[in-house]
Amino acid sequence: MSTALRSGQVAEAAGVNIQTLRYYERRGLLAEPERSNGGHRLYGEEAVTALRVIKAAQRLGFTLDEVAELLEAGRHRHGRPPGCRSGLR
């Protein structure tokens, strides 16, 4: 991972709170992050981008289920980046 960002940094950069970040992880919208030796979640810059895409889609009226389908379709079309989960739910 080239840039390791902690939860608070990712949440702030994407304009969401940490609870939203973790909720999207649980829903499978975001890949489970790596962990530091101390157990802190470590994200790449792609997590910020994914959060911004999710929030933009919600502003356009998409539900989280629909966003999940869109993200999954994009992963199938463009291939999965390393570390992405195989399933959304």
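Model, not experiment: these values are computed from the prediction.

Peer 1: Looking at this model, I keep getting lost on the packing of helix α1 (residues 7–14) against helix α2 (residues 18–27). Mind explaining?
Peer 2: If you want to describe how two helices pack, look at the angle between their axes and the distance between the axes. At their nearest, the axes of α1 and α2 sit 9 Å apart, and the two run at 100° to each other. It follows that α1 is roughly perpendicular to α2 by the angle criterion. Residues Ser7, Gly8, Val10 and Ala11 of α1 form the contact with α2, whose participating residues are Ile18, Leu21 and Arg22. Class assignment of the residues belonging to the contact of α1 with α2 gives a composition of four nonpolar, two polar and one charged.

Peer 1: Please clarify how the pattern of salt bridges should be interpreted in this entry.
Peer 2: Where side chains of opposite charge bring their charged atoms close, a pairing between them can arise. Within this structure, the stated rule accounts for two salt bridges. Its salt-bridge partner being arginine 41, residue glutamate 25 comes within 3.4 Å of it at the nearest N-O pair. Separated by 16 residues along the polypeptide, glutamate 25 in helix α2 and arginine 41 in strand β2 (residues 41–42) bring together distant segments of the chain. A salt bridge links aspartate 65 to arginine 27; the nearest nitrogen and oxygen atoms lie 2.6 Å apart. Of this pair, aspartate 65 sits in helix α4 (residues 64–78) while arginine 27 sits in helix α2; the two residues are 38 residues apart in sequence, bridging distant segments of the chain. Owing to a relative accessible area of 40%, aspartate 65 belongs among the partly exposed residues under this scheme. Relative accessible area serves as the criterion here: at 24%, arginine 27 is assigned to the partly exposed category.

Peer 1: How should I be thinking about a nonpolar patch on the surface in this particular structure?
Peer 2: There is a patch of nonpolar side chains on the surface, built from Leu60, Phe62 and Leu70 and spanning about 320 Å² of accessible area. Examined against the element boundaries, leucine 70 turns out to sit in helix α4. Residue classification places leucine 70 among the partly exposed residues on the basis of a relative accessible area of 47%.

Peer 1: What exactly am I supposed to notice about α2 here?
Peer 2: Looking at α2, one finds that the buried residues are Thr20, Leu21, Tyr24 and Glu25. Within α2, the buried residues cover an arc of 140° as seen down the axis, which keeps them to one side. Residues of α2 that are exposed and angled more than 90 degrees away from the buried face: Gln19 and Arg26. A side-chain oxygen of the first residue of α2 lies 3.0 Å from the backbone nitrogen of glutamine 19; this N-cap is asparagine 17. Directly after α2, the chain includes glycine 28, whose backbone phi takes a positive value near 85°.

Peer 1: What is the right way to look at α1 in this model?
Peer 2: The α-helix winds at 3.6 residues per turn, so residues separated by three or four positions along the chain end up facing the same way. Inspection of α1 places Ser7, Val10, Ala11 and Ala14 among the buried residues, and these make up the whole buried set. Seen from one end, α1 has its buried residues packed into an arc of 95°, which puts them on one side. One or two positions beyond α1, positive phi appears at glycine 15, with a value near 75°.

Rules behind the numbers
- Residue numbers run consecutively from 1 along every chain, following the written order of its sequence.
- Predicted model: local features are reported for residues with pLDDT of at least 70 only, side-chain atom pairs are reported and counted for 80 or more only, and whole-chain, interface and lining totals are derived from all residues.
- Side-chain measures here rest on the full set of heavy atoms in the structure, leaving out hydrogens and waters.
- Interaxial angle, 0 to 180 degrees, is taken between N-to-C directions of lines fitted to C-alpha atoms, where a helix line uses only the stretch in contact.
- The helix and strand labels rest on DSSP assignments: H or I over at least four residues marks a helix, E over at least two residues marks a strand, and numbering proceeds from the N terminus.
- An angle below 35 degrees is read as roughly parallel, one above 145 as roughly antiparallel, one from 65 to 115 as roughly perpendicular, and any other as oblique.
- We call two residues in contact whenever any of their non-hydrogen atoms come within 4.5 Å of each other.
- Side-chain classes are defined by residue name, with Ala, Val, Leu, Ile, Met, Phe, Trp, Tyr, Cys and Pro counting as nonpolar, Asp, Glu, Lys and Arg as charged, and the others, Gly among them, as polar.
- Salt bridges are defined as contacts in which a side-chain nitrogen from Lys or Arg sits within 4 Å of a carboxyl oxygen from Asp or Glu.
- Only protein chains enter the accessibility calculation, which uses a 1.4 Å probe; a residue is then buried when its area is under 20% of its type maximum, exposed when over 50%, and partly exposed in between.
- Note on patches: the residues involved have over 30% relative accessible area and no salt bridge, like charges join within 9 Å, and the nonpolar side chains Val, Leu, Ile, Met, Phe, Trp and Tyr join within 5 Å.
- Using the Shrake-Rupley algorithm and a 1.4 Å probe, accessible areas are obtained, with residue cover drawn only from the displayed protein chains.
- Each C-beta atom gives one direction from the helix axis, and the arc is the one those directions make.
- What qualifies as a polar contact is a pair of N or O atoms within 3.5 Å, subject to a donor-acceptor requirement within protein and to the restriction that residues adjacent in sequence count only when both atoms come from side chains.

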